[in-house]
Each structure stands twice: as structure tokens, then as C-alpha cells.
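Fold and geometry: a report
Each chain, letter by letter, is given below.
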Amino acid sequence: VGGLVGTLLLKLMVKYAHYRSNSSIARHPIREAAVVSFISASVTYLSTFLRMDTTDLLAALYSDCKYETNKTVDQLCVESNASDIIVFLLLCALIKFALTIPGTNTIVPGGHMVPAMCVGACIGRVFGFSFSLLQERVGDVGFFAECAGHDQCITPGVYAIIGSAAMLSAVSRMTVSLVVIIFELTDGIDYIMPTTICILVAKWVSDAFGRDGIYDELIVLHDYPYLNNKMDFVFNETAADVMRSRDLCVLNAAGNTLASLNALLATTEYSGYPIVKSMDTMQLIGYVSRANLETVLSQKSAEITDDSPCFFTSDRPFPRNTAYLDFNPWLDQSPIQIVETTPLNRVIDTFRALRLRYVLVVRNGALVGITTKRDILRRIHTFRGSSKTAGVFSSTKHS
């Protein structure tokens, strides 16, 4: 149940995030936060339990009725009001569920971990309270035969712990780390084994609807350049299929001036520029970063004017009677290069192993394109959704 409900919460949060990014809501973040805050405060004020701090609410749901002394929390243990308690807990879970969907996407994010655990704890306590009532009705027979001789056999708080772990596992896809988190919250070593089993089952159920957790989904949504090391892909493509070959912004080794370089930096936002021997041959000789260009230009001497020549190679004589800028010491003469026929799988492995942001694609030493991490990610996301034009298989490695 936790896996199913957690997966539903995950899907709804992602759908709302997509809707928000494509609507006018994202253009008015302060107004959105104010509306969400007003609705949350208005709805939660109606209930004493929802009015509590979320961590206090979790502590109340985890509590043992046998040792509970708080009169407010003790209301969850009154068996004569069993039906009201079950309806109340389900209503609290529904309210927390609904408020978590927009709350994680506002300019002041409310987070999803503790709210998701609260939803799971409410549902788990409903199951535990229901089993406790059923055991008292039927007695210590059949399924409850192990309860014979025990004063209190079923503790609803334990079911709340298990429910919160299952819910958070489905939303975040965490496993071992989540077991540690639950252990630190409860300080109960006896709960490690049931918690581990529950988390694994919840993850298996949620993986049937997709392997990505909330963090992976938001990374894709915001187009962050993150290449997951736990995913394996098999493509039938090469580097030429993903490289950018049109309108390449390159610099000639010679023929540049201070004014032309300043204009280039002002009109482009690239983090670096390939250096070629000539625009005709496109023979690659190096790569210069934007930061190095800006550093050298900002530290130029007073003799340098806008018409002063700038050189990126020392294989030709420099002018004797004219001030010039020599960028050769700041030139990366051995940038990472691949040939255009390199299999895409090997390109992905190269990006992962060397932590690259870009790689230059060459043919017989001539620059024909450039591939960035974002280009790789876009192709991965495209083929994860559709494999009509190339075979792709992805699986999560066990850590």
C-alpha cells in the first residue's frame, strides 16, 4: 500500500511541477507561495493534530498507547471511538497528501520527506489500529495465535513506522539509507528487519511504475547536467549522431584582435572555444576557456588597444613593433577528443569516468563537432521514453 500511495504522490508532484513550469504560476512565485501557505494554514488549523508541528505529529503517530501520557495523543488510542479514529487518520493522510503536491514546488519549498512520512504513518497506524481491534474481537486464534499470553500483541505505532518508511521509499527510491534514517528516528534496533523488508517491497512495487524517484524526476525537469552512474544504456548510435556540428563557435589561431575577442565574449555565453589552425581546414590545435580569455583581457597592459592582434599559437613570428596578446600559455593544447565513429556507449563512459562537461569530435584531426553533457542527457531521456529508432536498455546497478 505504501508503494502504491507513494508512487501516486510522486507522479502527482512531477505532473504539477511540469504544469507549473509551463503555466503562469512560475512567473508569480511569491503569489503562489502566499496562496499555498494560506490554504495550508486554513485547512490544518481545523484539526488539533494537523496544527501540530510535523515532527511532533510523527512522534504522536509512532507512540505506543500503552505508555502514552499525553492527553492529546491518547485520543488515538480510545477503542470506543475506533471508527472515528480510523476516519480521522485517513482524512489527515488525505490532507497531508494533497498539501504535499504543491508544497514541494514553491519558492519556499515545504519539502517532501517529512510530509510523505506523515502520510505513510497515518495509513500505517490505521492498519495497526484495525489489526489490534480485530485481534481483540476474534481472540488469540488462527492468525493471532502467537498473541496468546501477551498483554498487548499489536502496537499501532510500529505499523506507523513501517508505513512511513514504505511511503518515503516509494517517493525517493531510497533503500539502505532510509533504513538508517528510520533507525535513528526510532532508536529501535528491533524494527530494522521489518523496516528493511517493507522498504524493499515498497520499492519493488514502485519500480513497476518507473525507476526514477523524485530527485531524478526533478533533475530531468530542470535540465540539470547530471549523468547517473547507476544507469546502463545500450545505444546503436555513434558520436556523430549526438554532436552539434552546425554554427560551431571557433577561434582562428591568428587574425584576432582585442576588439573581436571582446565582441565574441559579449555576444556568446559559451564556457570555452575550440582553436583551429584555419577556418578552411578546421584543423584543431587546442581549446581555450572563457575564464582564461576574460582573465588575460582584464590584465592587459596600457599599450594594448582594440586593434592589437591576439595570437593563440607560437608557430608564426610575432610583430616586433606592435603590442600584441599571446594566449598560447593559457591554451589547452590537448583537449579531450573523440572521432565521430566512436560508439555512443563509449562516449557516455568517457563522460562518466573523466567527469567531462564537453568533448570535441574530430575527423582526421579536423574539428567536425562538439558534444556536451547536456547533449548526452537529452538523447538518453529521449530514448528512455521511446526506443523506436534505436535499441536502448537501462537498468539500475546494485550498490
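Residues numbered from 1 in each chain as written. Predicted model: local features only at pLDDT ≥ 70, side-chain atom pairs only at ≥ 80, totals over all residues. Heavy atoms only, no water.

**A look at the overall build of the protein chain**
To keep things clear, this is the line we draw: Strands here are runs of E lasting at least two residues and helices are runs of H or I lasting at least four, both read from the DSSP assignment and numbered beginning at the N terminus. Residues count as neighbours in contact if any of their non-hydrogen atoms are within 4.5 Å of one another. Residue exposure ignores everything except the shown protein chains as possible cover, and the areas themselves are Shrake-Rupley values with a 1.4 Å probe.
In terms of helices and strands, the protein chain carries 15 helices and nine strands. Long-range contacts, defined as pairs at least 24 residues apart, comprise 70% of the intrachain contacts of the protein chain with a sequence gap of at least 6. Carbon and sulfur atoms provide 56% of the accessible area of the protein chain, an area that totals close to 21,800 Å².

**A look at the nonpolar core**
Rules: Nonpolar cores are built from buried Ala, Val, Leu, Ile, Met, Phe, Trp, Tyr and Cys residues. Side-chain atoms within 4.5 Å join them into one set. Using a 1.4 Å probe on the protein chains alone, a residue whose accessible area is under 20% of its type maximum counts as buried, one over 50% counts as exposed, and one in between counts as partly exposed.
Residues Leu-9, Leu-61 and Tyr-62 are the most contacted members of the largest nonpolar core, which totals 43 residues. Of all the secondary-structure elements, those providing two or more residues to this core are α1 (2-21), α3 (48-51), α4 (54-62), α6 (82-103), α7 (113-138), α8 (156-172) and α9 (176-186). Here this core takes ten residues from α7, the largest share from any one element. Apart from residues lying up to four places away in sequence, Leu-61 is in contact with Leu-76, Leu-89, Cys-118, Ala-121, Cys-122, Arg-125, Gly-157 and Ala-160. Listed in part, the 20 residues of the second largest apolar core include Val-242, Leu-344, Val-359 and Ile-376.

**Describing the packing of helix α12 (residues 258-267) against helix α13 (residues 290-298)**
Axis angle and axis distance: for two packed helices, these are the angle between their axes and the distance between the axes, and together they describe the pair. Quick note on the threshold: Axis definition: a line fitted to C-alpha atoms, limited for helices to the stretch in contact. Angles are taken between N-to-C directions and run from 0 to 180 degrees. Each angle receives one of four descriptions, namely roughly parallel if under 35 degrees, roughly antiparallel if over 145, roughly perpendicular if within 65 to 115, and oblique otherwise. A clockwise turn of the near helix away from the far one marks a right-handed crossing, whereas an anticlockwise turn of less than a right angle marks a left-handed crossing. Residues are sorted three ways: Asp, Glu, Lys and Arg are charged, Ala, Val, Leu, Ile, Met, Phe, Trp, Tyr, Cys and Pro are nonpolar, and all the rest, Gly among them, are polar.
It is the contact of α12 with α13, at a shortest axis distance of 11 Å, that shows an interaxial angle of 135°. Considering the angle they form, α12 stands oblique to α13. Relative to α13, α12 is oriented so that their crossing is left-handed. Contacts from Leu-258, Leu-261, Asn-262 and Leu-265 of α12 reach α13 at Arg-290, Leu-293, Glu-294 and Leu-297. The residue makeup of the contact of α12 with α13, split by class, is five nonpolar, one polar and two charged.

**Some points on the sheet that holds strand β6 (residues 325-326)**
Put simply, the test is: Pairing between strands is defined by DSSP: at least two bridges between the two strands are required.
The strand order across the open sheet built from three strands is β2-β5-β6, with neighbouring strands paired in mixed fashion. Lying at the two open borders of the sheet, with one neighbouring strand each, are β2 (256-257) and β6. Pairing of strand β5 (residues 309-311) with β6 involves two bridges; the strand directions are parallel. Residue pairing across strands places Phe-311 opposite Asp-326, the latter belonging to β6.

**Some details on the packing of aromatic side chains**
Given two aromatic rings, one states the distance between the centres and the angle between the planes to describe the pair. Which entries qualify depends on this criterion: Aromatic pairs are defined between Phe, Tyr and Trp rings, using the six-membered ring for Trp, whenever the two ring centres lie within 6.5 Å; interplanar angles under 30 degrees are classed as stacked, those over 60 as edge-to-face, and all others as tilted.
Scanning all chains against the criterion turns up five aromatic pairs. Ring plane angle 20° and centroid distance 4.9 Å describe the contact between Phe-312 and Phe-327, whose orientation is recorded as stacked. Residue Phe-312 is found in the loop between β5 and β6, and its partner Phe-327 is found in the loop between β6 and β7 (337-339); the two are separated by 15 residues along the sequence. Neither residue differs from the other here; Phe-312 and Phe-327 are each classed as buried.

**Regarding unusual backbone geometry**
Both trends apply: most residues other than glycine have a negative phi, and most peptide bonds are in trans. Even without glycine at this site, Arg-173 takes up a positive phi of about 65°. Residue position: Arg-173 is located in the loop between α8 and α9. Residue class for Arg-173 comes out buried when judged on its relative accessible area of 10%.

**Remarks on the sheet that holds strand β4 (residues 284-289)**
In space, the three strands of this open sheet follow the order β1-β3-β4, with mixed pairing throughout. Each of the sheet's edge strands pairs with one partner strand only, and the pair in question is β1 (251-252) and β4. As paired strands, β1 and strand β3 (residues 272-276) are joined by two bridges and run parallel to one another. Paired with Leu-251 across the bridge in β3 is Ile-275.

**Quick word on the environment of Val-5**
On the secondary structure map, Val-5 appears in helix α1. Expressed as a C-alpha distance, the spacing of Val-5 and Val-119, which sit 114 residues apart in the sequence, is 9.0 Å.

**What to know about the side chain of Asp-375**
Mapped onto the secondary structure, Asp-375 falls in helix α15 (residues 373-385). Excluding residues within four positions of it along the chain, Asp-375 makes contact with Val-242, Arg-244 and Ile-370.

**A few points about helix α2 (residues 29-44)**
How we decide: Each residue after the first adds 1.5 Å to the expected span of a helix. Working note: the arc is built from the helix axis to C-beta atom directions.
Here α2 is 16 residues long and its end C-alpha atoms lie 22 Å apart, about the 22 Å a rise of 1.5 Å per residue gives. Residues Glu-32, Ala-33, Val-36, Ser-40 and Thr-44 constitute the buried set of α2. Buried residues along α2 cover an arc of 95° about the axis, so they all sit on one side. Turned more than 90 degrees away from the buried face of α2 sit Ile-30, Arg-31 and Phe-38, all of them exposed. Buried residues in α2 make contact with α1, α3 and α6.

**Details of a nonpolar patch on the surface**
To keep things clear, this is the line we draw: Each patch is built from residues that are more than 30% exposed by relative accessible area and take part in no salt bridge. Like charges join if they lie within 9 Å; nonpolar side chains (Val, Leu, Ile, Met, Phe, Trp, Tyr) join within 5 Å. Salt bridges are defined as contacts in which a side-chain nitrogen from Lys or Arg sits within 4 Å of a carboxyl oxygen from Asp or Glu.
On the surface, Met-193, Ile-197, Leu-200, Val-201 and Trp-204 cluster together into a nonpolar patch covering about 520 Å² of accessible area. Residue placement: Met-193 occurs in helix α10 (residues 192-207). Residue Met-193 is classed as exposed on the basis of its relative accessible area, which comes to 56%.

What is shown is where atoms sit, not what they do.
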